[in-house]
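Here's the letter readout for the chains.
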Amino acid sequence: AKKTAAIAAKKMPAAKKASGPPIIKMAPKEDRPDFFRVKEQVGVTPPLGFFDPLGICPKDETVFNEFRSCEIKHGRVAMLACVGAIVQHYVRFPGFWYTNYGKPLPS
């Protein structure tokens, strides 16, 4: 009975730890550059080149990419807000053509 319990214990996989956020592993050292070059990223164009007058750009590649994705996301939200501001001037839903006083809304 002891032998079968020992064999069964060897075949059983170990219990998994509690699940959490995925762990991102870095590339092997030989595949990574020695340092992150901010001034060589996409979007650096003449005549300004790399524009960071206050020096607040992170020097870490992970934080830099996170800031860049947040900037793109907020830019898209701002563009949709501009479209919404223009559309509401021209589009009226049925039943909302008059003010509370019976006068037509300006168009």
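See above for the structure.
Residues numbered from 1 in each chain as written. Predicted model: local features only at pLDDT ≥ 70, side-chain atom pairs only at ≥ 80, totals over all residues. Heavy atoms only, no water.

1. Remarks on the overall build of the protein chain
To keep it simple, the criterion reads: Segments assigned H or I by DSSP are reported as helices when at least four residues long, segments assigned E as strands when at least two residues long, and all are numbered from the N terminus. Accessible area is worked out with a 1.4 Å probe on protein chains only. A residue is then buried under 20% of its type maximum, exposed over 50%, and partly exposed in between. Two residues form a contact once any of their heavy atoms are found within 4.5 Å. Method for areas: the Shrake-Rupley scheme with a 1.4 Å probe, in which residue coverage is limited to the protein chains shown.
When helices and strands are tallied, the protein chain shows 2 helices and 0 strands. A total of 107 residues make up the protein chain; the buried ones form 5% of that total. In the protein chain, the proportion of contacts linking residues at least 24 apart, taken out of those at least 6 apart, comes to 20%. Put simply, the protein chain shows about 10,700 Å² of open surface, and 65% of that area lies on carbon and sulfur atoms.

2. With respect to the pattern of salt bridges
Stated formally: Here, a salt bridge means any Lys or Arg side-chain nitrogen found within 4 Å of an Asp or Glu carboxyl oxygen.
Throughout the structure, instances matching the rule amount to 1 salt bridge. For Glu40, the salt bridge goes to Arg37, with nearest N and O atoms at 3.8 Å.

3. Structural notes on a nonpolar patch on the surface
Which entries qualify depends on this criterion: Surface patches are drawn from residues lacking salt bridges whose relative accessible area is over 30%; two like charges belong together within 9 Å, two nonpolar side chains (Val, Leu, Ile, Met, Phe, Trp, Tyr) within 5 Å.
There is a patch of nonpolar side chains on the surface, built from Val83, Ile86, Val87, Tyr90 and Val91 and spanning about 510 Å² of accessible area. Of note, Val83 is situated in helix 2 (residues 61–90). Exposure remark for Val83: the relative accessible area of 48% places this residue in the partly exposed category.

4. Details of unusual backbone geometry
At the junction of Pro46 and Pro47, the peptide bond is cis and its omega measures out at 5° in the coordinates. Mapped onto the secondary structure, Pro47 falls in the loop between helix 1 (2–11) and helix 2.

5. Regarding the environment of Arg68
Its place among the elements puts Arg68 in helix 2. Taking relative accessible area as the criterion, Arg68 reaches 29% and is therefore assigned partly exposed. Residues within four places of Arg68 in sequence aside, it is in contact with Gln41 and Val42.

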